[in-house]
Each structure stands twice: as structure tokens, then as C-alpha cells.
Amino acid sequence: MAATTATLIPLEAVDPAMIEEVLDRAFGPDRHARTAYRIREGMAWLPGLSLAALDENDMLVATIQCWPIGLQTKQGQVPLVMVGPVAVVPERQGEGFGVGLMSAMIAEDARLAASGGRALPQVLIGDAEYYGRWGFSAALTGGWRCPGPYEQHRLLARGHGLAAMPAEGMLGPWEG
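Note that the structure is a prediction, hence the values are computed from the model and not measured. (Residues numbered from 1 in each chain as written. Predicted model: local features only at pLDDT ≥ 70, side-chain atom pairs only at ≥ 80, totals over all residues. Heavy atoms only, no water.)

A.B. asks: Mind showing me how you'd approach the packing of aromatic side chains here?
C.D. replies: How two aromatic rings sit relative to each other is given by the distance of their centres and the angle of their planes. Evaluated as defined, the whole model comprises four aromatic pairs. Seen from their ring centres, Tyr130 and Tyr131 are 4.8 Å apart, and the 80° between their planes marks the pair as edge-to-face. By relative accessible area, which is 27% here, Tyr130 ends up partly exposed. For Tyr131, a relative accessible area of 13% corresponds to the buried category. The interplanar angle of 65° and the centroid separation of 5.5 Å between the aromatic rings of Tyr130 and Trp134 together place this pair among those described as edge-to-face. Members of the aromatic cluster, connected to one another through ring pairs, are Tyr130, Tyr131, Trp134 and Phe136. (Phe/Tyr/Trp six-rings, centres within 6.5 Å; stacked < 30°, edge-to-face > 60°. Buried < 20%, exposed > 50% of the residue type's maximum accessible area, 1.4 Å probe, protein only.)

Listed below in C-alpha cells is the structure:
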């Protein structure tokens, strides 16, 4: 995404009604029935990793949200960050706003980790062909489950400590 065509701002600077409008336009009004909503139910998105994109006319055209979730295992809960939704209004899809938001979120996560913050593995439900460019893969999520319908090959994860994560568990809201 070219710096001259978009401005990224913290999502908390955007009116919540405008965020909901972008999400409805990108995913439809039935989006709340998706499994990802069940996984993060009751959680507030993480301000430091959740961003918005404004176009060249300062219009809100895209958002990314990240959420605190956990992998529930027999030994207890393990913290993760759920990435998404990455929402772009239909008439601006394919222009790089989603790539720009993902790249900025990954960079901010790395910056936070480098400044002493805790780097957590990230998980999402999406297409490996798209999200693989940031290191997301289904290679280590085969034993993870979701509280609703999903395709196992679309449950992707990346990040520091991922190899040390439990091989099995149920994704759900963070209870810590």
C-alpha cells in the first residue's frame, strides 16, 4: 500500500459505528454467526495491534482487529492472539489495504516484542495462499479445534513460541 494513498491510524480513533459499517459491508450482516466470533466471544480487541486504513480522501476503507484468546488444554489455558477480521470495503478490495494493514500489524507486534513486550503466537481462520506471506501456516494447528464449523486447513498460526504450543486444544476467549 503506497504511503500516498493510505493513512493507518489506531482503531480506537475510529467511531465504533463506522467500524461496524465496514465489517458489515465486507462480510455481510450475518458475519456474527462465523466461528471466529465464537472463539473471541466477550473479548475486546487489542488496541495496540488493531488498526484502520483511511484512503486518499480520509475515508475509512479497511480495518484489522486482533483479540486475546486462549488454547484450552488439559493442562490449562495458553494465550494466543487471534488476527481478524481483516475487512476492506468491497469497492476498494484488491488495492492493497488488507496487505498494508497485515504488514503494519506484524511490524507493530515485532516492535512491541523488541521493546520488552510479550510476543504471542497468532492464529486466524483464512486462506494459506494469502496469509502465508506473513508466515501463517496450518502445519502446527492440526490438533486444535474451534467451537463451530471451520475447515482444518484454514486454521493458520505463526509466531514466536508456536513450536512449543500444545498439539491439541480448543480455541476460545481468553480467561486470564
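A.B. asks: I would appreciate a short explanation of the environment of Gly117 in the present structure.
C.D. replies: On the secondary structure map, Gly117 appears in the loop between α3 (97-114) and β5 (122-125). Given a relative accessible area of 36%, Gly117 falls into the partly exposed group. Between the C-alpha atom of Gly117 and that of Pro173, which follows or precedes it by 56 residues, the distance is 21 Å. (Helix = DSSP H or I, 4+ residues; strand = E, 2+ residues; numbered from the N terminus.)

A.B. asks: Help me understand α3, please; the structure alone is not making it clear to me.
C.D. replies: The α-helix advances 3.6 residues per turn, and as a result positions three or four apart in sequence lie on the same side. Given a rise of 1.5 Å per residue, 18 residues ought to cover 26 Å, and the 26 Å separating the end C-alpha atoms of α3 matches this to within 8%. Those residues of α3 not exposed but buried are Phe97, Gly98, Gly100, Leu101, Met102, Met105, Ile106 and Asp109. Taken from the residues just after α3, Gly116 is the one with a positive phi, measuring 100°. (Expected span 1.5 Å × (residues − 1).)

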